[in-house]
Amino acid sequence: MGEGGDGSDGKRGLVFVKDFQAEEDDAAMAEARSLDAFRSALENLEDQLEFFHTIKSQQRAERDAAMVQLGQSRNILARRLAEHQGKKYIAIEMA
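Keep in mind the model is a prediction, meaning the values are calculated, not measured. (Residues numbered from 1 in each chain as written. Predicted model: local features only at pLDDT ≥ 70, side-chain atom pairs only at ≥ 80, totals over all residues. Heavy atoms only, no water.)

Participant: How should the overall build of the chain be read in this particular structure?
Facilitator: A tally of helices and strands in the chain yields 2 helices and 0 strands. Within the chain, the proportion of its 95 residues that are buried is 1%. (Helix = DSSP H or I, 4+ residues; strand = E, 2+ residues; numbered from the N terminus. Buried < 20%, exposed > 50% of the residue type's maximum accessible area, 1.4 Å probe, protein only.)

Participant: How do you make sense of the pattern of salt bridges when you look at a structure like this?
Facilitator: It is possible for side chains of opposite charge to pair when their charged atoms get near one another. In the structure shown here, the tally under the stated rule is 2 salt bridges. The salt bridge involving Asp64 is made with Arg63; its shortest N-O contact spans 3.2 Å. Of the residues examined, Asp64 reaches a relative accessible area of 38% and is grouped as partly exposed. (Salt bridge = Lys/Arg side-chain N within 4 Å of Asp/Glu carboxyl O.)

Participant: Even after reading the chapter, I still don't get a nonpolar patch on the surface, so can you show me in this structure?
Facilitator: A surface patch of nonpolar side chains, amounting to about 410 Å² of accessible area, comprises Phe38, Leu42, Leu45 and Leu49. Mapped onto the elements, Leu42 comes out in helix α1 (residues 22-83). When its relative accessible area of 43% is taken as the criterion, Leu42 is described as partly exposed. (Patch = residues over 30% accessible without salt bridge, like charges linked within 9 Å, V, L, I, M, F, W, Y side chains within 5 Å. Areas by Shrake-Rupley, 256 points an atom, 1.4 Å probe, with all protein chains shown as cover.)

Participant: Just to check I follow, could you spell out the confidence of the model for the chain for this structure?
Facilitator: Interpretation of the predicted coordinates at a detailed level should be avoided for regions scoring low in pLDDT. Averaged over all residues, the pLDDT of the chain is 80; the fraction at 70 or higher stands at 64%. Predicted confidence for residues 1-5 stays below pLDDT 50, and this span has 4 contacts to residues more than four positions away or in other chains. (pLDDT = per-residue confidence, 0-100. Contact = heavy atoms within 4.5 Å.)

And the structure:
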């Protein structure tokens, strides 16, 4: 947040314009507060989306690592079963 040349540096404030009449000033203040709340909500949403993207990437990496490990375990098991071909072992029959 606060990047990209939008001029924000993490500080919040309102912009005042000279020569506003009283009722225009109240309406402008209400609109400024509303826009500030809207901006804050969008920033929070952006933070949440970034967090979920990070979590999804981590889960994908963990899943890929688990799949690689599963493949390696399968290969080891297949080699061990091939070594014991023809021999009767209870554990092999159960596998």
